[in-house]
Amino acid sequence: MASTQYQGTGTTTGGAGSRYWRKRSAYLGVVPFFIFTGIFLIYPTYSVITGAFRNEAGEFDTAKIDELLASPIVRKAFYNSLEISFKTAVLGAILGGLFAWALVSGKPGGRFYKITVAISSVLAQFGGVMLTFAFLATFGFNGVVSSIFVKLAPDSFLAQSSWLYTINGLAVVYTFFQIPLMVLVFLPTIENMKPQWREASDSLGGSPLEYWRSVGIPVLTPSFFGAMLLLFVNSFSAYATAATLVNLSDFLTPLQIGNALSSEVGNANPQTAKALSLAMVIVVIIVMALYAQIRRRVSRWESAR
Amino acid sequence: MKPTWKVKLWRYTIIGIVGFYLLLPLYSMMDFSTKPFAFFQKGRTLDAWKVIPSQPDLAIAVFRSLITAVIVMFLILVLIVPTVVWVHLKLPKLKRLVELICLIPLAIPAIVIVVGIAPLYRWISINITESPISLSLVYSMLILPYTYRALSAALDAADIHTLAEAARTLGASTTRMMAGVIMPTLRTGILNGSFIAIALVLGEFTISNLLNYKTFQVVIAQIGRTSGNVAVAVSLASILFVLILLLAIPQKKRQKEVLDVDVA
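J.: Residue-level account of the overall build of chain B, with values.
T.: Each helix and strand in chain B was counted, giving 14 helices and zero strands. Taken from the N to the C terminus, the helices and strands of chain B come in the order α-α-α-α-α-α-α-α-α-α-α-α-α-α. The principal-axis extent of the C-alpha atoms belonging to chain B is close to 80 × 65 × 30 Å. When burial is assessed residue by residue, chain B has 54% of its 264 residues classed as buried.

Structure below.
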């Protein structure tokens, strides 16, 4: 990265261009950005985090947090959220990772490769309402798969659609957008693997299995787990899919937040929503910090190579 | 090295299984949307597709979404891009801070942002406008991490200090330097950002639904409550629309940076 800093050459415009003022006025250029993000990003974040520790009168009070921590419904939803995020992150990372490898082992840059990457970037954004309809069209009442199973095996769970509304059912739905995200995130890492490593391993007499065990897997592991953490956050923060599919407000923490918020529109008591949000933010920040740690290691290693 | 038959077998098995999983729901959408409305009818019908244009609220929601996307892009162009460039050029001390702010949306899920921003939007809808287009303000925040990553990669690649100096020596004003020299080198990053803006605006549900704005996704959900076939048809149409849009953007340049969803 270029480290030389451009500081303006010459003072052709005369006195007004003195270095001191030029430096000061440079700060004016970033003021709109700070005002804008301050209003629409930083203040809302701040108000959620501090609001969790306040009561209705605005005084410091942890009663709401204590109350929610003690509530079995809240704890169950939080546990559900963690469970589904963990499951879909692992499943999505494994399937997406294998798929990324399969893509690269073909012809990178070929037509199939390009179209798959394009489809992946659409499907990774595909959570929410449309995903719900896609799965209802597949497994829901009169859906493609369920109507086949109604004829073939009326007793199997696939003949009904109730399994979709369980944790594992929702996990199957979430994995649909996790796989493409994994492909997008993991593809560059796999592409960075040098064919020379394989050649070196082969010419030293290593079998493919040995290559993967002592070169491939160790090289890919950090990125793989990093990507898995991203998927975890992606699933943990997801709201739209669950909101349109499940419709049970106590099932997952995001649903509880949405419920607390929408049932309270009009009266100024969003304490519950804020306290629940704080719990979510804490989880996401821990996971993202881990991710940043892994990324740092990976990029240090990549630049040293 | 030629792939052995074993590698090929693995490759096709994986592509087959994952591909089946990803394509089955898409196929089902097509199948479902061409089923006749009534049970006793057999065969295929395009009725669900034909009534799309006459759906209430739908056309207006799409139209509004496009306007919203344009405003988001505009905000990126006049607010985010110049700031990031400016900080890279003149205020390297602020680089970490700006980066940190741009990455906040990754740590704060949309459902949490909605909690914090609800009072503000209640105020906006009472005092300024009730139009969903006002959501472009918060959307442009959600998109920050992606914009920042794409821009900062492009800025590191192009030697903007030299470019800026050259422009200055040739007598260009600051505005001219920014608009005429620096911005064009970031074209790909900006184009890419615009694509993400459209995808985000068309796909956003959490914030608009909880703030009671009738955006595209909210309208689809609303249609789905009365007529599943039509909602499925609209969903499939919008996926195809975004896919075509994506394939229409020049391949070679775009690919690298869309892949760069990677953060931190």
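J.: Pulling in residues and values, what's your account of the side chain of T68(B)?
T.: Topologically, T68(B) is positioned in helix α3 (residues 58-89). Ignoring anything within four residues of it in the chain, the contact list for T68(B) reads I133(B), S136(B), Y139(B) and V201(B).

J.: Outline the packing of aromatic side chains, supporting the account with residue identities and numerical values.
T.: Counted by the stated rule, this structure contains 14 aromatic pairs over all chains. Each ring, one from Y43(A) and one from Y46(A), has its centre 6.1 Å from the other, and the planes form 40 degrees; the classification is tilted. A residue pair is termed a helical-turn pair when its members lie 3 or 4 positions apart in one helix, as Y43(A) and Y46(A) do in helix α2 (residues 31-51) at three residues. Here a set of aromatic residues connected by ring pairs shows up, and it is made of F135(A), F139(A), W163(A), F176(A) and Y21(B).

J.: Residues and numbers for the domain arrangement of chain B, please.
T.: Think of interface size as the accessible area that goes away when the parts come together; that is how it is often given. All names here are of chain B. Domain boundaries in chain B define domain 1 (1-32) and domain 2 (52-263). On the side of domain 2, six residues touch domain 1, which itself brings four residues to the contact. Of the roughly 450 Å² buried between domain 1 and domain 2 on both sides combined, carbon and sulfur atoms contribute 84%. Broken down residue by residue, the surface that domain 1 buries against domain 2 is led by L26, M29 and F32, which jointly contribute 92%.

J.: Please set out the packing of helix α1 (residues 5-33) of chain B against helix α13 (residues 228-248) of chain B residue by residue, giving values where relevant.
T.: Residues and elements named next belong to chain B. Remark: α1 packs on α13, axes separated minimally by 8 Å, with the N-to-C direction vectors making an angle of 135 degrees. Regarding the angle of α1 to α13, the classification is oblique. Note that α1 runs across α13; the crossing there is left-handed. Counting all contacts with α1, which are made through L26, M29, M30, F32 and S33, the residues of α13 involved are G228, N229, V232, A233, S235, L236 and I239. Across the contact of α1 with α13, the residue classes tally to eight nonpolar, four polar and no charged.

J.: Quick one: what's the story with a nonpolar patch on the surface, residue by residue and with numbers?
T.: All names here are of chain A. Together, L28, V31, I35 and I39 make up a nonpolar patch on the protein surface, roughly 360 Å² of accessible area in all. When residues of the nonpolar patch are assigned to their parent elements, the largest contribution, three residues, is made by α2. Mapped onto the elements of the fold, V31 is located in helix α2. Residue V31 is classed as partly exposed on the basis of its relative accessible area, which comes to 37%.

J.: Residue-level account of the nonpolar core, with values.
T.: Counting residues in hydrophobic clusters, the biggest one holds 182 residues, and the most contacted among them are F126(A), L170(A), Y121(B), L186(B) and L211(B). With 16 residues, helix α8 (residues 167-191) of chain A is the single largest residue contributor to this core. The two domains that each donate at least three residues to this core are domain 1 (1-32) and domain 2 (52-263) of chain B. Once you skip the residues sitting within four places of it in the chain, Y121(B) turns out to touch F40(A), S134(B), L135(B), L137(B), V138(B), L211(B) and Y213(B).

J.: Could you give me a rundown of the interface of chain A and chain B, with the residues and numbers involved?
T.: In this assembly, 90 residues from chain A lie in contact with 88 residues from chain B. A buried area of about 8000 Å², summed over both sides, lies between chain A and chain B, and 79% of it is on carbon and sulfur atoms. In terms of residue count, the dominant contributor to the side of chain A that touches chain B is α2(A) (13 residues). Here the residues of the side of chain A that touches chain B are counted per class, giving 65 nonpolar, 20 polar and five charged.

Cut-offs applied
Residues numbered from 1 in each chain as written. Chains lettered and ligands numbered in written order. Predicted model: local features only at pLDDT ≥ 70, side-chain atom pairs only at ≥ 80, totals over all residues. Heavy atoms only, no water. Helix = DSSP H or I, 4+ residues; strand = E, 2+ residues; numbered from the N terminus. Buried < 20%, exposed > 50% of the residue type's maximum accessible area, 1.4 Å probe, protein only. Contact = heavy atoms within 4.5 Å. Phe/Tyr/Trp six-rings, centres within 6.5 Å; stacked < 30°, edge-to-face > 60°. Domains from an automatic or database assignment. Buried area = accessible area lost by both parts, 1.4 Å probe. Axes fitted to C-alpha atoms, helices over the stretch in contact; angles between N-to-C directions. Parallel < 35°, antiparallel > 145°, perpendicular 65-115°, else oblique. Left-handed = near helix turned anticlockwise from the far one by under 90°. Nonpolar A, V, L, I, M, F, W, Y, C, P; charged D, E, K, R; others polar. Patch = residues over 30% accessible without salt bridge, like charges linked within 9 Å, V, L, I, M, F, W, Y side chains within 5 Å. Areas by Shrake-Rupley, 256 points an atom, 1.4 Å probe, with all protein chains shown as cover. Salt bridge = Lys/Arg side-chain N within 4 Å of Asp/Glu carboxyl O. Core = buried A, V, L, I, M, F, W, Y, C linked by side-chain atoms within 4.5 Å.

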